[in-house]
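# Structure assessment
Chain by chain, the residues:
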Amino acid sequence: MNAPRGEAGKRSDPTATAVPDFATTTRRKLLAAGLSLGGAAALASFAPTLALSQAKPVEADELTPPAPRSIEVRARPIDHFDLRDRAHRQFGALQFRSGLILTSGFRGFGGLSALRLDPRGERFVAISDKATWFTGRIAYDGAALSGLADVEAAPLLGPDGMPLRARKWYDSESLAFDGGTAYVGFERVNQIVKFDFGRDGIRARGQPIAVPPALRKLPNNKGIESLVVVPKPHALAGTLIALSERGLDAERNTIGFLIGGKSPGQFSVRRTANYDIADAALLPGGELLILERKFSWFEGVHIRIRRIALNTIIPGATVDGPAIFEADLGNEIDNMEGLDVHVDSSGAIVLTMVSDDNFSMLQRTLLLQFTLEAD
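Residues numbered from 1 in each chain as written. Predicted model: local features only at pLDDT ≥ 70, side-chain atom pairs only at ≥ 80, totals over all residues. Heavy atoms only, no water.

## Re the sheet that holds strand 10 (residues 181-186)
A sheet is described by the order of its strands in space; here 4 strands give the open sequence 9-10-11-12, paired in antiparallel fashion. The open sheet has two edge strands with one neighbour each: strand 9 (172-178) and strand 12 (207-208). Note: strand 11 (residues 191-196) against strand 12, 2 bridges, orientation antiparallel. Across the sheet, the residue bridging to K194 is Q207, located in strand 12. (Pairing = 2+ DSSP bridges. Helix = DSSP H or I, 4+ residues; strand = E, 2+ residues; numbered from the N terminus.)

Here is the structure:
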């Protein structure tokens, strides 16, 4: 229950050592169909186990894990976010900076479900929901995204050095750093695994940590979707915040957990308008940003970001906060699942989002950046 304490509490920068300094109506219909097909495929394909010890034996060709490999990622720029008004740049509290559509000949590229950046917004670590690491560097042309460089891919490894996906530990949906320690949340098996990323990088072997019993009982495919380590000097310093996608309490609000730190426990995030949590990140001042999404055949795809005061998150609380950004299929969005925050060289607060294409030809991997306007 208190495993992150000491690790999460003694380093305040979540990526400082972990990441080396380092359209049209038709498109809307296709995207909606793609999300539905991707969700159905996921439900049909994954049969989770509850512990490594319960996993079935691996095949002979899985006994040697594949080595990290360099891959090429191509990038096509997104010049405007609003498909209806190319001149529109302000969206709630966010101003659109730039975006990229990412593709690769590497079959394993895609399904990106979480992204963490170094303090300069250059080096990145991402995970796919098929238990794959991606690391590399974001290239810029001035303040605009221009591409990805030095990209490497490798499987997430278990304690025995074998790929976790060989044990059916799929749906690696969330990622947080506490200095050199990386925490990855696996949604369907309702586990959190830590890696000594600062020492071993993408060759690190994961070790499951102790988690609250209620976390292990979250609904299948609606489990932990976001992880955030709280740094000093905040009251929750040393705490790993874990947010479920749609694990609901008695009041139909979304369940979250405080793991480690001084006040471990369970809390809830007010659920409104059928939005589910996709990711979260901390602002420099300490507020928690929560990325949410929803899909229906009648309303299409929507995303929003809410801002929640960190000091309201305590065991037993139900927290809420205003939406600072909303978008739909009239904008350049897809299945947005990853969110991170950094401060650029001019002092601007930059939000970066990435999408999970569900490995579907009908969807896209998007990398989007916005500036948070001053209050």
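## Digging into the sheet that holds strand 8 (residues 144-155)
Pairing is antiparallel across the open sheet formed by 5 strands, whose spatial order is 1-8-7-6-5. The sheet terminates laterally at strand 1 (69-70) and strand 5 (112-117), the two strands that pair on one side only. Of the pairings in the sheet, the one linking strand 7 (residues 132-141) to strand 8 comprises 9 bridges and is antiparallel in character. Each bridged residue has a counterpart across the sheet, and for R137 the counterpart in strand 8 is A149.

## Notes on the environment of V189
Relative to the elements of secondary structure, V189 occurs in the loop between strand 10 and strand 11. In this structure the C-alpha to C-alpha distance between V189 and I224, which are 35 residues apart in sequence, comes to 9.6 Å.

## Examining the packing of aromatic side chains
Scanning the model with the defined rule gives 12 aromatic pairs in all. Ring centres 5.6 Å apart and planes at 65° place the aromatic pair W169 and F186 in the edge-to-face group. In this pair, W169 is assigned in the loop between strand 8 and strand 9 and F186 in strand 10, connecting sequence segments 17 residues apart. Of the residues examined, F186 reaches a relative accessible area of 0% and is grouped as buried. Summarising the aromatic geometry, the rings of F177 and F197 are spaced 5.5 Å apart at their centres and angled 80° between planes, so their arrangement reads as edge-to-face. Taken together, the residues F177 in strand 9 and F197 in helix 2 (residues 197-200) connect sequence positions 20 residues apart. In terms of burial, F177 and F197 fall into one category: buried. Put simply, the rings of F81, F91, F96, F325 and F370 pair up and form one aromatic cluster. If you follow K130 out to its NZ or CZ, it ends over the ring of F359, 4.4 Å from the centre. (Phe/Tyr/Trp six-rings, centres within 6.5 Å; stacked < 30°, edge-to-face > 60°. Buried < 20%, exposed > 50% of the residue type's maximum accessible area, 1.4 Å probe, protein only. Lys NZ or Arg CZ within 6 Å of the ring centre and 35° of its normal.)

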